[in-house]
Amino acid sequence: MALLPEVNGQKRIVLYGGIEKNRQVIQTTESPADTVVVLDPDSMTWTTRITTASGSFPAKRASAAMAPSSSGLYLFGGINTETNALQNDIWFLAGNSTSADQAAAGECVPIFTNFLLVHGLLMFFGWGVFLVWGTFIARYFSSSGTTWFLLHRIFQVSGLVLSFLGFVLGIVSVQFDHFKFAHGAIGIIVMLLGISQPFNALARPHRPSEGEKTPLKRRIWELFHHNIGRVAVALALINISLGVFLALAHMAVWALWFVYLIVVILVFVFFELLKIPVVHEKMAAILPMKTKEYPVSNEQKMENVAKADESQQGEK
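Rules used in this analysis
- Residues numbered from 1 in each chain as written.
- Predicted model: local features only at pLDDT ≥ 70, side-chain atom pairs only at ≥ 80, totals over all residues.
- Heavy atoms only, no water.
- Pairing = 2+ DSSP bridges.
- Helix = DSSP H or I, 4+ residues; strand = E, 2+ residues; numbered from the N terminus.
- Axes fitted to C-alpha atoms, helices over the stretch in contact; angles between N-to-C directions.
- Expected span 1.5 Å × (residues − 1).
- Buried < 20%, exposed > 50% of the residue type's maximum accessible area, 1.4 Å probe, protein only.
- Contact = heavy atoms within 4.5 Å.
- Bend = angle between axes of the 7 residues up to and from the residue.
- Polar contact = N/O pair within 3.5 Å; in protein donor to acceptor, adjacent residues only side chain to side chain.
- Parallel < 35°, antiparallel > 145°, perpendicular 65-115°, else oblique.
- Nonpolar A, V, L, I, M, F, W, Y, C, P; charged D, E, K, R; others polar.
- Patch = residues over 30% accessible without salt bridge, like charges linked within 9 Å, V, L, I, M, F, W, Y side chains within 5 Å.
- Areas by Shrake-Rupley, 256 points an atom, 1.4 Å probe, with all protein chains shown as cover.
- Salt bridge = Lys/Arg side-chain N within 4 Å of Asp/Glu carboxyl O.
- pLDDT = per-residue confidence, 0-100.

**Quick notes on the sheet that holds strand E7 (residues 65-68)**
One open sheet accounts for three strands, arranged E7-E8-E10; its pairing is antiparallel. Strands with a single pairing partner mark the edges of an open sheet, and in this sheet they are E7 and strand E10 (90-94). On average, adjacent strands in this sheet sit at an angle of 20° to one another, irrespective of strand direction. Bridge count for E7 against strand E8 (residues 72-76) is four bridges, and the pairing is antiparallel. Within E8, the residue paired with Pro-68 across the bridge is Leu-73.

The following block contains the structure:
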């Protein structure tokens, strides 16, 4: 990158070369050999410009040195991106800030997909969609029939598969210490908690029949399974937010993610408040809601039966 000779105070910066493809890149648009990229620093606008040559064009390279002169730019050395060989040739790009604007514009097709982008998408759909709403279903609809359990299982399995694939791509896409920064460290914790859930689900004690007391093993299992899931989802949402910042995503992506996150939080808060009988009754008076019959635990049912027996004995 170097500054072209100025004309009437007009500045143009030329960018040439660079590594366009590596093991992380899935798909990209490669620049033609006769094309350079020009930046207008005043408007921060990038354009591609087509150059002309009397013979051939420089081989594609990265890490080349560029130096300005009174009539153009010198290009020296660099690493050949095709052969990885060091270059020791010198090239000269004649022109100034005015001729750069007058040059023919090249086509700029922004096709770029890499492992990091796919990692982010998989984690969003895995943790941000499937696992979040699968947890929501289990938390607020477990007392209504058995369909909730089927949906919960489908959502959680789908989310874990997607997030595991995203986790693998996340490791592949980072070329340095993966877990020595917050996003990576939280990521490994979240994945370990998430992967542990189906295994402790396999060991879940049977739900007691109606009227039976909940065994201690079942209570302990519910405590761990429910809270591990909630902690994992909460950490995952925090980590996705960190990932949006680390990826230097477009402002529209930031806005969409945080609007969605706020919606998720508000929905959970609303349904959590509805679990409070007093709040539910007040909301039912305002909104067209059915009066909810709150589930009674097995212990409460047994106490009610005992009280009824005592009442009958007292009448006798």
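Next, the rest of the story.
**So, helix H3 (residues 147-173)**
Spanning 27 residues, H3 covers 39 Å between terminal C-alpha atoms, matching the ideal 39 Å at 1.5 Å per step. Looking only at H3, the buried set comprises Trp-148, His-152, Gln-156, Gly-159, Leu-160, Ser-163, Gly-166, Phe-167, Leu-169, Gly-170 and Ser-173. At its buried positions, H3 is contacted by helix H2 (115-140) and helix H4 (182-202).

**Side note on the sheet that holds strand E1 (residues 2-3)**
Hydrogen bonds along the backbone pair up the strands of a sheet, which may run parallel or antiparallel. Taken in spatial order, the four strands line up as E1-E2-E4-E5 in an open sheet, and their pairing is antiparallel. Since the sheet does not close on itself, it has two edges, and those belong to E1 and strand E5 (45-50), each with one partner. Note that strand E2 (residues 13-15) and strand E4 (residues 35-40) share three bridges and pair antiparallel. Bridge pairing links Val-14 to Val-38 in E4.

**Thoughts on H2**
Side chains three or four residues apart in an α-helix point the same way, a direct result of the helix having 3.6 residues per turn. When the terminal C-alpha atoms of H2 are compared, their 36 Å separation across 26 residues agrees well with the 38 Å that a helix rising 1.5 Å per residue should span. Taking the largest bend as the criterion, H2 deviates by roughly 25°, centred on Leu-131.

**Here we look at the environment of Arg-61**
Within the element layout of this structure, Arg-61 appears in strand E6 (residues 61-62). Here the alpha-carbon distance between Arg-61 and Tyr-16, two residues 45 residues apart in the chain, equals 8.5 Å. Non-local contacts of Arg-61, meaning those with residues more than four positions away in its chain, are made with Tyr-16, Gly-17, Gly-18, Leu-75, Gly-77, Ile-79, Asn-80, Thr-81, Gln-87, Asp-89 and Trp-91. A polar side-chain atom of Arg-61 sits 2.8 Å from a polar atom in the side chain of Asp-89.

**Things to note about the packing of H2 against helix H6 (residues 251-274)**
Running from amino to carboxyl end, H2 crosses H6 at an angle of 10°, the nearest separation of the two axes being 11 Å. If you check the angle between H2 and H6, you find them roughly parallel. Residues Phe-124, Gly-128, Val-129, Val-132, Trp-133, Phe-136, Arg-139 and Tyr-140 of H2 lie in contact with H6, whose contacting residues are Trp-257, Tyr-260, Val-264, Val-267, Phe-268, Phe-271 and Glu-272. Grouping the amino acids of the contact of H2 with H6 by side-chain chemistry returns 12 nonpolar, one polar and two charged.

**Observations regarding a nonpolar patch on the surface**
Residues Val-157, Val-161, Phe-164, Leu-165, Val-168, Ile-195, Phe-199 and Leu-202 make up a contiguous nonpolar surface patch of about 770 Å² in total accessible area. If one sorts the elements of the nonpolar patch by residue count, H3 sits on top with five residues. Relative to the elements of secondary structure, Val-168 occurs in helix H3.

**Some points on the confidence of the model for the protein chain**
When pLDDT is averaged along the protein chain, the result is 84, and 86% of the positions lie at 70 or above. The weakest mean pLDDT in the protein chain belongs to helix H8 (residues 298-315) at 51; the strongest belongs to H2 at 94.

**Quick look at the environment of Pro-5**
By secondary structure assignment, the location of Pro-5 is in the loop between E1 and E2. By relative accessible area, which is 14% here, Pro-5 ends up buried. Sequence-wise, Pro-5 and Thr-98 are 93 residues apart; in three dimensions their C-alpha atoms are separated by 9.0 Å. What Pro-5 contacts, discounting residues up to four positions off in sequence, is Ser-69, Ser-70, Ser-71, Gly-72, Gly-95, Asn-96 and Ser-97.

**Focus: the side chain of His-152**
Inspection of the secondary structure puts His-152 in helix H3. The exposure class of His-152 is buried, given its relative accessible area of 14%.

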